[in-house]
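# A structural walkthrough
So the chains spell out like this:
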Amino acid sequence: MTEWATGAGWSSELSAARLHVVSGKGGTGKTTVAAALALALASGGRRTLLVEVEGRQGIAQLFDTAPLPYEERKIAVAPGGGEVRALAVDAEAALLEYFELFYKLGMAGRTLRRMGAIEFATTLAPGLRDVLLTGKVKECVTRTGADGHPVYDAVVLDAPPTGRVVTFLDVTTAMADLARSGPIHKQAEGVVALMHSPRTAVHLVTLLEELPVTETLETVDELAAAGLRAGAVIANQVRPQWLPDRSVAAAAGGRVDAARIRSALAGAGLDLPPDVIDGLAAETVEHARRIESEAAAQERLNSAAGVARLELPRLIGGVDLGTLYELAEALIEQGVGVGKVTA
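Residues numbered from 1 in each chain as written. Predicted model: local features only at pLDDT ≥ 70, side-chain atom pairs only at ≥ 80, totals over all residues. Heavy atoms only, no water.

## Let's talk about the overall build of the chain
Counting its regular elements, the chain contains 14 helices and eight strands. Classification of the 343 residues of the chain by burial places 46% in the buried group. Considering only residue pairs separated by 6 or more positions, the chain has 73% of its internal contacts joining residues 24 or more positions apart. In the form shown here, the chain has an accessible surface area of approximately 16300 Å², with 54% of it arising from carbon and sulfur atoms. (Helix = DSSP H or I, 4+ residues; strand = E, 2+ residues; numbered from the N terminus. Buried < 20%, exposed > 50% of the residue type's maximum accessible area, 1.4 Å probe, protein only. Contact = heavy atoms within 4.5 Å. Areas by Shrake-Rupley, 256 points an atom, 1.4 Å probe, with all protein chains shown as cover.)

Structure representation (structure tokens):
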């Protein structure tokens, strides 16, 4: 794996967090990373809950299971034991649950749903939808069993993309001011306290490309301004470097000796036609330029002081259940979860 120039890896403070929020620019693979993180955090006999709030059923697709209902279901066994459960939070179902819990309006709540009143309420007060979603997440984080211990060792939230994540996590502050008394005020206050506490860490997924890195760094600043803690920046789909460092600059500048490539291949018993040799030379130049581009992106990420840095490899063949376990193992090797490997 690539060595980060500066910055810390996964820390004991991050291990102590109970809620791990995962966000990232669209297309960076945040849902895949959230799933891998849930598996890693459940390693060694722990139990985690993986939550999604965007209604895309991305978790079900990743784990090749039926669409998730509004209930917690076991979807995977973690490396070294432990289990991952999953929950797809629906705003309407959360509001019905809220009505039943605080007002005992089970039947009336269902009537409101049929009338479209729930959609009307969340449209009239857009922040209410986020309060309901984050409120359910907070309940999962703080829930305890009969023995008084938390039901889940960690909750991983596949959150909205970076363009909206700060508003999503911090909108409860505005709702707490709007509703100055009653159950919704109390619930909003509880969510605010959790989100702004050391129990919560917001992890940002990025590719080593200009636009995702720029948005990631901007989000780190926005989180700090909102009093929310950035946990780790996770560089996803990092490709291996095949060239020695001393050759990268020359190759990136187009200085690749096709004759040397032909000679080296001939020495290995491969006699390739000139057009294939030229193609290999062109791919070498492209690879070197990508190395330089990714190194520049890493340097920019290193400017985010105090934020942990992790990376995940680019795996050939797309994402499936086996891929998730490979990515989870890569996170475990970087100190995530139980059975840490010290770098």
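## Observations regarding the environment of R85
You can see R85 is positioned in strand β4 (residues 83-88). Taking the C-alpha atoms as reference points, R85 and A38, 47 residues apart in sequence, are found 9.0 Å from one another. For R85, the contacting residues outside a window of four places in its chain are R47, T48, L49, L50, E72, R73, K74, I75 and Y152. Side-chain polar atoms of R85 contact the side chain of E83, separated by 2.7 Å. (Polar contact = N/O pair within 3.5 Å; in protein donor to acceptor, adjacent residues only side chain to side chain.)

## Here we look at unusual backbone geometry
Positive phi, normally seen in glycine, also occurs at Q57, with a value near 55°. Assignment of secondary structure puts Q57 in the loop between β2 (47-52) and α3 (58-62). In the Ramachandran plot, D64 falls in the positive-phi region, its phi being about 55° despite a non-glycine side chain. Tracing the backbone shows D64 in the loop between α3 and β3 (73-77). Note on D64: relative accessible area 71%, which makes it exposed.

## Some points on the sheet that holds β3
In spatial order, the strands read β3-β4-β2-β5-β1-β6-β7-β8; together these eight strands make up an open sheet with mixed pairing. Here the strands that pair on one side only, and so sit at the sheet edges, are β3 and β8 (308-313). Direction aside, the axes of adjacent strands within the sheet are offset by 25° on average. Bridge count between β3 and β4: four bridges; the pairing is antiparallel. Bridged to R73 within β4 is A86. (Pairing = 2+ DSSP bridges. Axes fitted to C-alpha atoms, helices over the stretch in contact; angles between N-to-C directions.)

## Quick notes on the environment of R229
On the secondary structure map, R229 appears in the loop between α10 (210-225) and β7 (230-238). Taking the C-alpha atoms as reference points, R229 and P198, 31 residues apart in sequence, are found 7.5 Å from one another. Setting aside anything within four residues of it in sequence, one finds R229 in contact with E13, L14, A17, P198, T200, A201 and V202. In this structure the side chain of R229 is engaged in a polar contact, spanning 2.6 Å, whose partner is the backbone oxygen of P198.

## Structural notes on the pattern of salt bridges
This model, assessed by the stated rule, comprises 14 salt bridges. The residue K25 makes a salt bridge to E215 at a minimum N-O spacing of 3.6 Å. One end of the pair, K25, is in the loop between β1 (19-24) and α2 (30-41); the other, E215, is in helix α10, with 190 residues separating them in the sequence. A residue is classified by how much of its surface remains accessible, and K25, at 27% relative accessible area, is partly exposed. Using a relative accessible area of 22% as the deciding quantity, one classes E215 as partly exposed. The shortest N-O distance in the salt bridge between K74 and E83 comes to 3.7 Å. A single network of salt bridges, built from pairs that share partners, joins K30, E54, R56 and D158. (Salt bridge = Lys/Arg side-chain N within 4 Å of Asp/Glu carboxyl O.)

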